[in-house]
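An overview of the molecular structure
Given next are the chains, with one letter for each unit.
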Amino acid sequence: MEKPELLERLHRLEQELQALRASVEPPVKRNQFAEIVKKLTEFVLSYWAMLSFLMALATVAYVQMEFGVDYFETYRNISATKKLGTFYRDLGERMMVYGEWESAKAAYQSALDLNPNDAEAALGTVKAQVFVPLEGQKNIPYDVANAKLDFLLERYPNDYQVYFLKGFSYLSIGYTEEARAWFQKSIDQNPNFVGGYLSLGYANQSSLRLKEAVGNYTKALELDPGYSLANNNLGFCYILLTDFKRAITHLERAYQASPTLVTEINMGDAYRYAGDLDNALAWHQHALNAANDPQLENERYIGGLWGYNFMPLHAGDEETIKYLVQVGTLDQKRSIAHYAVSFDRALKRDFAAANNEFNAARKLDKDKRFNYFAVNKMMSIEWVLAPDDEVTEWFDEHQRVLLEP
């Protein structure tokens, strides 16, 4: 046998021995622990995000149960602080609309104390100081306030609140048309600015654009139905328009939201012209008692400067209502209240009490600035209610007293 053939047979024999050995010997066992670790590692890597979340929740639950510490308490505190800061910022804006500059400044400062990074509150503080008098002064000169506003306009040319303040400055010196233009600009810049509609309504009311004023106040109430000042002013417009039912509705809403002396007097007037003398006297007497209370210190209840239009003296009378009086001091407001009670008493034929109230009103009106206003009230009462001869005689007699030189 040749050598190549012998080598080939040996090779085949070796292959057969290996095959035989493989069929007889058991298979080699793999490391089971290593296999488990490998599979566990693959699982953890595949679901790492979910497992991390579950571990975090478990940690939060354990810490809260074991130590009484709420993991989310810090975030809730931050949220509550931001909401409170927003509340004070909104309060500052509302106080500015009322013209209560010191209160607005304090509200904005409270917002900044809670959130020093509140840029709107910081700017609001600057705006609120425009009409705040300098130390030792009672009023701020118009030129000074206007200079501050021009400074703000230069740096914030599209700020609706600055437009509003500019309109307010013009209104304060009797430039009604300029004021209307600036209030309209504030609304154009921010159609949801309640104060813009309220102030534009007041400017229109001062200009005897009563229907436009009604529209402005109505829009303000669409945005903020509980706005006391808007309801009061709208109620007064309806009195001038001799729509006493609507006047009562809005004045009641105003009083429920924020009781004020002027709203009580207006309410009494509306009830009187509507023929409800009992309610008229009740409202006017309550207003007078409050105004005469020596402990009365509520500036918000007393109110600021009142602008009282004369009443119409016949249907369609748009001339008489163009006249108005400004009522500012507490004595002047007491005088108006005494006159109101006097007229109610006269209508109820309590002439002695009516005379006492009438004389008290005149005594408080030292410069006789309300003489023509009171005469107009009596004349309008006679036109609307047409009282009998005895009551009419009382009104005519007291009109003559007021008209004496």
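Please read all numbers here as calculations on a predicted model, not as lab measurements. (Residues numbered from 1 in each chain as written. Predicted model: local features only at pLDDT ≥ 70, side-chain atom pairs only at ≥ 80, totals over all residues. Heavy atoms only, no water.)

A count of helical and extended segments in the protein gives 20 helices and two strands. In the protein, the proportion of contacts linking residues at least 24 apart, taken out of those at least 6 apart, comes to 55%. Accessible area for the protein stands at about 23400 Å²; split by element, carbon and sulfur atoms hold 55% of it. (Helix = DSSP H or I, 4+ residues; strand = E, 2+ residues; numbered from the N terminus. Contact = heavy atoms within 4.5 Å. Areas by Shrake-Rupley, 256 points an atom, 1.4 Å probe, with all protein chains shown as cover.)

Turning to helix H9 (residues 176-189), a few remarks are in order. With 14 residues, H9 should reach 20 Å at 1.5 Å per residue; the first-to-last C-alpha distance of 20 Å fits that figure. Within H9, burial applies to Thr176, Ala179, Arg180, Trp182, Phe183, Ser186 and Ile187. The secondary structure elements touched by the buried residues of H9 are helix H7 (142-155), helix H8 (160-172), helix H10 (194-206) and helix H11 (210-223). (Expected span 1.5 Å × (residues − 1). Buried < 20%, exposed > 50% of the residue type's maximum accessible area, 1.4 Å probe, protein only.)

Another point: the packing of H10 against H11. Two numbers describe how H10 lies on H11: the axes approach to 8 Å, and their chain directions differ by 160°. Comparing their axes, H11 and H10 come out roughly antiparallel. Note on packing geometry: the crossing formed by H10 with H11 is left-handed. Residue-level inspection shows Val194, Tyr197, Leu198, Leu200, Gly201, Tyr202, Asn204 and Gln205 of H10 in contact with H11, the latter providing Leu210, Glu212, Ala213, Asn216, Tyr217, Lys219, Ala220 and Leu223. When grouped by side-chain class, the residues that make up the contact of H10 with H11 number ten nonpolar, four polar and two charged. (Axes fitted to C-alpha atoms, helices over the stretch in contact; angles between N-to-C directions. Parallel < 35°, antiparallel > 145°, perpendicular 65-115°, else oblique. Left-handed = near helix turned anticlockwise from the far one by under 90°. Nonpolar A, V, L, I, M, F, W, Y, C, P; charged D, E, K, R; others polar.)

What follows covers the confidence of the model for the protein. Counting all residues, the mean pLDDT for the protein is 83, and 77% of those residues have values of 70 or more. Of all secondary-structure elements in the protein, the lowest mean pLDDT belongs to helix H1 (residues 3-24), at 60, while helix H18 (residues 351-364) reaches the highest, 97. (pLDDT = per-residue confidence, 0-100.)

Attention shifts here to the pattern of salt bridges. When the charged atoms of two side chains lie near each other, side chains of opposite charge can form a pair. Under the criterion given, the structure shown has 17 salt bridges. Across the pair Arg155 and Glu154 runs a salt bridge, and its minimum N-O distance is 3.6 Å. Classification of Glu154 by relative accessible area gives exposed; the value is 61%. Between Arg180 and Glu177 there is a salt bridge, with the nearest N and O atoms lying 3.0 Å from each other. (Salt bridge = Lys/Arg side-chain N within 4 Å of Asp/Glu carboxyl O.)

Side chains Val325 and Val327 project from strand S2 (residues 324-327) onto a buried face, and the interleaved Leu324 and Gln326 project onto a face without burial. Here strand S1 (residues 306-309) pairs with S2 via four bridges, running antiparallel. The partner of Gly307 across the bridge, within S2, is Gln326. (Pairing = 2+ DSSP bridges.)

Residues Ile239, Tyr308, Trp394 and Phe395 are the most contacted members of the largest nonpolar core, which totals 98 residues. Look past the residues within four positions of Phe395 in its chain and what remains in contact with it is Phe343, Ala346, Leu347, Met378, Ile381 and Glu382. (Core = buried A, V, L, I, M, F, W, Y, C linked by side-chain atoms within 4.5 Å.)

Attention now moves to the environment of Asp317. The residue Asp317 is located in the loop between S1 and S2 in this model. You can call Asp317 buried: its relative accessible area is 8%. Sequence-wise, Asp317 and Leu241 are 76 residues apart; in three dimensions their C-alpha atoms are separated by 9.4 Å. Only 3.1 Å separates the side chain of Asp317 from the backbone nitrogen of Glu319, close enough to count as a polar contact. (Polar contact = N/O pair within 3.5 Å; in protein donor to acceptor, adjacent residues only side chain to side chain.)

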